[in-house]
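The lines below spell out each chain.
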Amino acid sequence: MSVAAPPLLTFDNSFVRELTGLYEPWQAAGAPAPALLALNEQLAVELGLDPEALRAPDGVAVLVGNAVPEGASTVAQAYAGHQFGGYSPRLGDGRALLLGEVLDVDGCRRDLHLKGSGRTPFARGGDGKAAVGPMLREYVISEAMHALCIPTTRSLAVVATGEHIARETMVPGAVLTRVAASHLRVGTFQYAAATGDPELLRRLADYAIARHHPEAADAENPYLALFASVVNAQASLVARWMLVGFVHGVMNTDNVAISGETIDYGPCAFMDAFDPATVFSSIDVGGRYAYGNQPQVAQWNLARFAESLLPLIGSEPDEAVAAATEVLQSFPGRYARYWSHGMRGKLGLTYERPRDDALIEDLLALMHAQRVDFTSGLRALSSTVRGDGGPARALFADSPEFDAWSQRWSTRLSAQAIDRPAVADAMDRVNPVYVPRNHLVEAALEAATADDLQPLRQLLDVLAQPFDERPGLEAYAAPAPSELAAYRTFCGT
Ligand code: AMP
Ligand code: MG
């Protein structure tokens, strides 16, 4: 591996500096014949990088792990985690490296991270590699989430390595460059707590407070305040997922970021017909991570976070547990408020009235019973507000039932002293037309794996403006043809 001239990156690696004990210095395996498949030029500019420099061979070498830019300090991060409820004391970056941290053009600290860069001391039985399809999938879905205004890690680039790796068949390998507010996870705290070194746990918590929840530093009990802040961030995040029909699919504690960003796009997918039991992941046989379970699972994960923080929250165990429990129990209320607020926006309800929650629940019950596509069903409501009830009505098999609901909704809207076109426009700003529908993502990835990048580029363009309906893009707004509807995602990423 050579040291290349950095494409204008200035690193400041606080994690490595301050959190010895939570990582292993390591190097990427390197790639025989790198080829850039996707580059996020806007994100590059946000990071203060020149997209042309990244496209050049020296830039691609950095993005695939063949060259280490000056100032980088590549490490594999250590973490533990509960996976599907079972605890693994040592997970860590088995196939990824933290390249380092940079300050973006707004002065925000961002991690640059390579995923698929080869085996590390945490690789266990894995090959350390990632395939082109799943890395492009993370790129597409994370960028779609960002455009939907949902906190998320970002994707800077995907570079094919030029080698083939063994999955169900031999498939082309790739490295994703992920950009994140940080990669601190609940599992990072579990790992630190399990070392039994209270000083390490405290250093980690102080670091997390300073980096993500600085207001907690001034609280009477900063560690309890950190916990409360993360509880709030997760309540908000999961509500945002639910509002767009996103199913994360693998909400293990190692995949819960302390920053409140969505992290780790594996078997995730967007729900088509509204159904709380929706599961896409082939390994989630019990439906633990089904769409409708996500709020409870988030709370369960936060309980594991609280457990790891207990020694810091108080020296008297009973008191620490009581204090943490009280904060944890605020989760359902916080979540419900974020969800209701979001749903009211989707229905054009500009302020809160007592029976709004019933109106929301009754619509969802109708959508569930009549298997209405979640995204199109909500988007079509603005046409009703503009005076054309046809598009929404057409999505419900039992139209009279929908009409009865719609009448109640219309009465509720009439109570608002705001003109209907303005309400409809506001609804269109929160009800997306375009989400990364499974069949479209699959088609784009299949083409890309066979060297045709055009469908992927087109899909990325469409998803970058999810709220602006554009003529000619009808196929991107439509639900999957029924023969493709029983979609499954696979963890063999
Ligand atoms: P994930 O399902 O991506 O959240 O990964 C769970 C754990 O498995 C993490 O510790 C990963 O680093 C590790 N892992 C996943 N795939 C591989 C692989 N191909 N090689 C080595 N480690 C892996
Ligand atoms: Mg993970």
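One structure accompanies this document, and this report is about it. (Residues numbered from 1 in each chain as written. Chains lettered and ligands numbered in written order. Predicted model: local features only at pLDDT ≥ 70, side-chain atom pairs only at ≥ 80, totals over all residues. Heavy atoms only, no water.)

So, about the site of ligand 1. By nearness alone, 17 residues border ligand 1, and Gly92, Gly94, Arg124, Asp127 and Gly128 come closest of all. Here a nitrogen atom of ligand 1 sits 3.4 Å away from a polar atom, N or O, in the main chain of Lys129. In the model, an oxygen atom of ligand 1 is placed 3.2 Å from a nitrogen or oxygen of the Asp264 side chain. In the complex, the protein chains occlude 80% of the 490 Å² of accessible area that ligand 1 would expose alone. Residue composition of the shell around ligand 1, grouped by class: 3 nonpolar, 6 polar and 8 charged. Counting residues domain by domain, the shell around ligand 1 receives three or more from each of domain 1 (3–180) and domain 2 (186–338). (Near = heavy atom within 4 Å. Polar contact = N/O pair within 3.5 Å; in protein donor to acceptor, adjacent residues only side chain to side chain. Areas by Shrake-Rupley, 256 points an atom, 1.4 Å probe, with all protein chains shown as cover. Nonpolar A, V, L, I, M, F, W, Y, C, P; charged D, E, K, R; others polar. Domains from an automatic or database assignment.)

Glancing now at the pairing of strand S9 (residues 170–180). Burial analysis of S9 places 10 of its 11 residues in the buried class, which makes it a mostly covered element. Across 9 bridges, the pairing between strand S8 (residues 154–166) and S9 is antiparallel. Bridge pairing in S9 places Val158 opposite Leu176. Counting the residues in the hairpin turn of S8 and S9 gives 3 residues. (Buried < 20%, exposed > 50% of the residue type's maximum accessible area, 1.4 Å probe, protein only. Helix = DSSP H or I, 4+ residues; strand = E, 2+ residues; numbered from the N terminus. Pairing = 2+ DSSP bridges.)

Along a regular strand, successive side chains alternate from one face of the sheet to the other. Burial of strand S7 (residues 109–115) is extensive: 6 of the 7 residues sit out of reach of the surface. Across 7 bridges, the pairing between strand S6 (residues 96–103) and S7 is antiparallel. The residue of S7 that forms the bridge with Leu103 is Arg109. If you look at the hairpin formed by S6 and S7, you'll find 5 residues sitting between the two strands, and Gly107 has a positive phi there, around 85°. Where S7 lies against S9, 5 bridges are found, and the strand directions are antiparallel. Bridge pairing in S9 links Asp111 to Ala180.

In terms of residue burial, helix H4 (residues 57–64) counts as a mostly covered element, since 6 of its 8 residues are buried. Taken together, the buried positions of H4 are occupied by Gly59, Val60, Ala61, Val62, Leu63 and Val64. Buried residues in H4 make contact with strand S2 (35–39), helix H3 (51–55), S6, S7, S8 and S9. Gly65 sits one or two positions beyond H4 and adopts a positive phi of about 90°. (Contact = heavy atoms within 4.5 Å.)

This part covers the pattern of salt bridges. For side chains of opposite charge, pairing can occur when their charged atoms come near one another. Within this structure, the stated rule accounts for 29 salt bridges. Residue Asp275 pairs with Arg371 through a salt bridge whose shortest N-O separation is 4.0 Å. One end of the pair, Asp275, is in the loop between strand S11 (269–270) and helix H9 (294–313); the other, Arg371, is in the loop between helix H12 (356–369) and helix H13 (374–379), with 96 residues separating them in the sequence. Classification of Arg371 as exposed rests on a relative accessible area of 54%. (Salt bridge = Lys/Arg side-chain N within 4 Å of Asp/Glu carboxyl O.)

All right, on to the packing of aromatic side chains then. Under the defined criterion, the tally for this structure stands at 15 aromatic pairs. A ring pair is formed by Phe246 and Phe270, whose centres lie 5.5 Å apart and whose planes are at 65°; its orientation type is edge-to-face. Taken as a pair, Phe246 in strand S10 (residues 246–247) and Phe270 in strand S11 lie far apart in primary sequence, 24 residues in all. Its relative accessible area of 0% is what places Phe246 among the buried residues. (Phe/Tyr/Trp six-rings, centres within 6.5 Å; stacked < 30°, edge-to-face > 60°.)

Relative to the helices and strands, Ser399 resides in helix H16 (residues 399–414). Judged by its relative accessible area of 15%, Ser399 is buried. Here the side chain of Ser399 touches Phe396 through a polar contact of 3.4 Å, landing on its backbone oxygen.

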